[in-house]
Amino acid sequence: MNLNECLLFKDLSAQQITTLLHDLHAYERSYSKNHILAHPLDHTDKFGVVLKGKLHLIRTDHNGNQILLSEINENELFMETFALAHEPLHVSVITQSECKILWIPIRHLFSNQIDKSFLIHLTNIMAQKNLFLSQRVNHLSKRKAEEKILSFLHDCQLKNQSSSFTIPFTRQQMADYLGMDRSALSFVLTKLKKKKILDFHKNHFILY
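Residues numbered from 1 in each chain as written. Predicted model: local features only at pLDDT ≥ 70, side-chain atom pairs only at ≥ 80, totals over all residues. Heavy atoms only, no water.

### Some points on the pairing of strand 4 (residues 55–60)
Here strand 4 pairs with strand 5 (residues 66–72) via six bridges, running antiparallel. Within strand 5, the position partnered with L57 by the bridge is S70. Where strand 4 lies against strand 7 (residues 92–95), four bridges are found, and the strand directions are antiparallel. Note that in strand 7 the partner of H56 across the bridge is I94. (Pairing = 2+ DSSP bridges. Helix = DSSP H or I, 4+ residues; strand = E, 2+ residues; numbered from the N terminus.)

Take a look at the structure:
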């Protein structure tokens, strides 16, 4: 993977990236599918960039139900907030495929030799994630299932600038994201389809 494709390294030359990773003491590791990279209450002094594969951030409630908080794809970061805040994780980080991770320790992050554009990109990425979490809270705050679903789909519509779009979730993942039972989600989607409010096939949706 070309690290220039990752926003964290945007506008940096190959030589600058090589120097930066050396100064940060960054390193790569490969993992098999379903490998648990971190558990709740773990402390971390590093964050990761997915070079290959896909991860899920999972929260388990007091009843043992697993809730999908986020899906982390190639070029995306994870665990940076916990590392920088020196706070224990409240999620499990689990690989969903064979993965290659670039680990970046934070102990050298703010030394004078670190390229300032790298820190600016890191700040921007964290700000965008906060926006994403705010949007999810907005969906979950809706009282009715129909309102949660339509709130989420309208956000997807705006993001794609089209009434026809594909969401990045399976049906189970969409249910987890919205805090719903899968069968209840399917029932409401079918109801909305019959009302001609939307149409869908697998994870592709059309809003009318």
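### Examining the nonpolar core
Core analysis: the biggest nonpolar cluster contains 24 residues, and I149, F152, L153, I167, M174, L198 and F205 have the highest contact counts within it. Elements with a minimum of two residues in this core: helix 4 (145–160), helix 5 (171–177), helix 6 (182–194), strand 10 (198–201) and strand 11 (204–207). Sort the elements by how many residues they give to this core and helix 4 lands first, with five residues. With 23 residues, the next largest nonpolar core counts L3, C6, L20 and L51 among its residues. (Core = buried A, V, L, I, M, F, W, Y, C linked by side-chain atoms within 4.5 Å. Buried < 20%, exposed > 50% of the residue type's maximum accessible area, 1.4 Å probe, protein only.)

### Quick word on the packing of aromatic side chains
Counted according to the given criterion, the structure contains seven aromatic pairs. With a centroid separation of 6.0 Å and 15 degrees between ring planes, the pair formed by F152 and F169 is classed as stacked. Residue F152 is found in helix 4, and its partner F169 is found in the loop between strand 9 (164–166) and helix 5; the two are separated by 17 residues along the sequence. Here the two residues F152 and F169 agree in accessibility, since each one is buried. Here a set of aromatic residues connected by ring pairs shows up, and it is made of F152, F169 and Y177. Between the NZ or CZ atom of K46 and the centre of the ring of W103, over which it lies, the distance is 5.1 Å. Over the face of the ring belonging to F200 we find K193, whose NZ or CZ atom lies 5.0 Å from the ring centre. (Phe/Tyr/Trp six-rings, centres within 6.5 Å; stacked < 30°, edge-to-face > 60°. Lys NZ or Arg CZ within 6 Å of the ring centre and 35° of its normal.)

### Observations concerning the pairing of strand 7
By the alternation rule, side chains of strand 7 split into S92 and I94 and V93 and T95, which are all buried. Bridge analysis of strand 2 (residues 36–38) against strand 7 gives two bridges, and the strand direction is antiparallel. Each residue of the ladder has a partner; that of A38, found in strand 7, is V93.

### Quick word on the pattern of salt bridges
Here the idea is simple: oppositely charged side chains can pair when their charged atoms come close. Scanning the model with the defined rule gives five salt bridges in all. Note that D199 and K193 form a salt bridge whose closest N and O atoms lie 3.4 Å from each other. D199 sits in the partly exposed class, given a relative accessible area of 25%. Shared partners join several salt bridges into a network, and the residues in it are E146, K191 and K195. (Salt bridge = Lys/Arg side-chain N within 4 Å of Asp/Glu carboxyl O.)

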